[in-house]
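If you want the building blocks of each chain, they are given just below.
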Amino acid sequence: MATDCTTQTLKDAKERQSFRRKLLAWFDKHKRDMPWRRTRDPYQIWLSEIMLQQTTVAMAGPKFTAFVAAFPTVHALAAADEQQVLRLWEGLGYYRRARGLHAAAKVIVAEHDGQLPRDVKSLMALPGVGRYTAGAVASFAYDVSAPIVETNTQRVLARLTGYRGEVVGGAGQRHIWEAAESLLPATGAGKFNLALMELGALVCKPSDPRCNECPVTAHCTAFAAGLQSEIPKLAAKVKVTAVREATVVVRKSGRVLLRQRAKGERWEGMWDFPRFPLDGEGPLFVRRELVDKVRDQTGVDIEPGGLLKTLKHGVTRYRITLDCYEARAAGGRVRSTDASPVRWTPLAELGDLPLSVTARKIATLIAG
Ligand code: SF4
């Protein structure tokens, strides 16, 4: 792999100092206001960093405020019921993050007296905390001189240093983390890390970076070589797979049939209408399949009705077409297991339970 990179412009201390000065002056002028930037509370900073993984700032903002209102401290989060945590996380996706947050809060209370550790190593020992999150908490909350690398800084650092290999591989990551570390100031690391992230988000964008507005063009190898659009080299795109699924709203006396997703399943711990891959083609085969699969999942026999709605959504590399059917209960008994409880739920209680995004859409549809 061609890595043909140079850190010439950032090699000596004087250059690095000049780079930091320009970046920080730009940040003072252009930084955006975000709820988690108004606090130095390590708990809130940790929470925001977990939320912002795979979630946009616009989406995370209201969720962050609601989450902090419900669980204002690590102790409150540790004492919460997991279902409450998942309900508040609803809509952000990647629910493993919420479960990790909850598990980590318990560890922080049990082993760290309710205080987030200051050092990267202890932070990384917590469930769901990787090197990026540990560096973010340590530097933003405690101003520990710890580097961070996430999507934005990775792109900026690859361009600054003219790194032409793939940034996602082992060698690429080593290079980027070393570059991040080498640029850190001895004090004020938190602000510096935020400034680098902000530069990536606002100026050094994935396509068409705004080099004419960039405060550090004089230090940028990619800019000097005219390689901004070729760096960073991206990994081959993951192939998207189309999947067809069905979900069934089974009604009985003003209640609907719900099943809690088992450990290891997508959306573990969330409640959902019976849902499964759909193989059959044509109304008769689909009808048979709905009856058999709802019985397999829940023990309940159904009389299928019509198609309520088709929803399209993406989960990781899958593009899912979800046909949502209505049905009425026609017999059988609810078969619940510890791993996957099944229950009849009054419509009015759907608002209290954590549901998958599509299940929430369906719940809203049938409530209206
Ligand atoms: Fe990014 Fe352009 Fe600035 Fe280089 S000069 S860091 S490519 S915006």
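Here the structure is a predicted model, which is why all the values come from computation and not from measurement.

It is worth spelling out the UniProt feature "domain: HhH-GPD" (unreviewed entry) in the chain at this point. Mapped onto the present numbering, the UniProt feature "domain: HhH-GPD" (unreviewed entry) falls at residues 51-202. Helix makes up 68% of residues 51-202 and strand 0%, and the two end C-alpha atoms of the span are 20 Å apart.

In the vicinity of the ligand, the residues found are Arg-159, Val-203, Cys-204, Pro-209, Cys-211, Cys-214, Thr-217, Cys-220, Phe-223 and Gln-228. Spatially, the ligand is embedded in the largest cavity. Considered class by class, the residues forming the shell around the ligand number seven nonpolar, two polar and one charged.

Before going further, it helps to examine the packing of aromatic side chains. For any pair of aromatic rings, the description rests on two quantities: the centre-to-centre distance and the angle between the ring planes. Tallying each qualifying case throughout the model produces five aromatic pairs. Above the face of the Trp-177 ring, Arg-131 is positioned so that its terminal group lies 3.8 Å from the ring centre. Directly above the aromatic system of Trp-267 lies the positively charged group of Arg-266, at a separation of 4.7 Å from the ring centroid.

Quick look at the pattern of salt bridges now. Tallied over the entire structure, the rule returns 22 salt bridges. With a shortest N-O distance of 2.6 Å, Glu-265 and Arg-259 are connected by a salt bridge. The salt bridge involving Arg-261 is made with Glu-265; its shortest N-O contact spans 3.5 Å. Overlapping salt bridges bring together Glu-245, Arg-259, Arg-261, Glu-265, Arg-266, Asp-272 and Arg-275 as one network.

Here the amide bond leading from Ile-231 into Pro-232 is cis, since omega sits at 0°, within 30 degrees of zero. Among the secondary structure elements, Pro-232 is positioned in the loop between helix H12 (221-225) and strand E1 (241-252). Of note, Tyr-94 is a non-glycine position whose phi angle comes to about 45°, a positive value. Summarising the element assignment, Tyr-94 is placed in the loop between helix H5 (82-89) and helix H6 (96-112). Of note in the backbone geometry, Asp-143 takes a positive phi value of approximately 55° without being a glycine. For Asp-143, the position within the fold is in the loop between helix H8 (131-142) and helix H9 (151-161).

For the rest of this paragraph, the subject is the environment of Ser-229. In this structure, Ser-229 sits in the loop between H12 and E1. Sequence separation of Ser-229 and Pro-206 is 23 residues, and the distance between their C-alpha atoms is 8.2 Å.

Next up on the list: the pairing of E1. Strand direction decides the pairing type here: E1 and strand E6 (residues 318-332), joined by eleven bridges, are parallel. Of the residues in E6, the one forming a bridge with Glu-245 is Leu-322. Sheet topology note: the E1/strand E4 (residues 275-277) ladder contains three bridges and is antiparallel. Counterpart to Thr-247 in the pairing with E4 is Arg-275. Across two bridges, E1 lies against strand E2 (residues 255-260) in antiparallel orientation. Across the sheet, residue Lys-252 finds its bridge partner in E2, namely Arg-255. Here E1 folds back onto E2, and the loop between the two strands holds two residues, one of which, Ser-253, carries a positive phi near 50°.

Definitions and cut-offs
Residues numbered from 1 in each chain as written. Predicted model: local features only at pLDDT ≥ 70, side-chain atom pairs only at ≥ 80, totals over all residues. Heavy atoms only, no water. UniProt positions renumbered as here; feature names shortened; annotations may be inferred. Helix = DSSP H or I, 4+ residues; strand = E, 2+ residues; numbered from the N terminus. Near = heavy atom within 4 Å. 1 Å grid on protein atoms, 1.4 Å probe; cavity = no way out; pocket = protein on both sides within 12 Å on 5 of 7 lines; lining within 4 Å. Sits in = over half its atoms within 2 Å of the grid points. Nonpolar A, V, L, I, M, F, W, Y, C, P; charged D, E, K, R; others polar. Phe/Tyr/Trp six-rings, centres within 6.5 Å; stacked < 30°, edge-to-face > 60°. Lys NZ or Arg CZ within 6 Å of the ring centre and 35° of its normal. Salt bridge = Lys/Arg side-chain N within 4 Å of Asp/Glu carboxyl O. Pairing = 2+ DSSP bridges.

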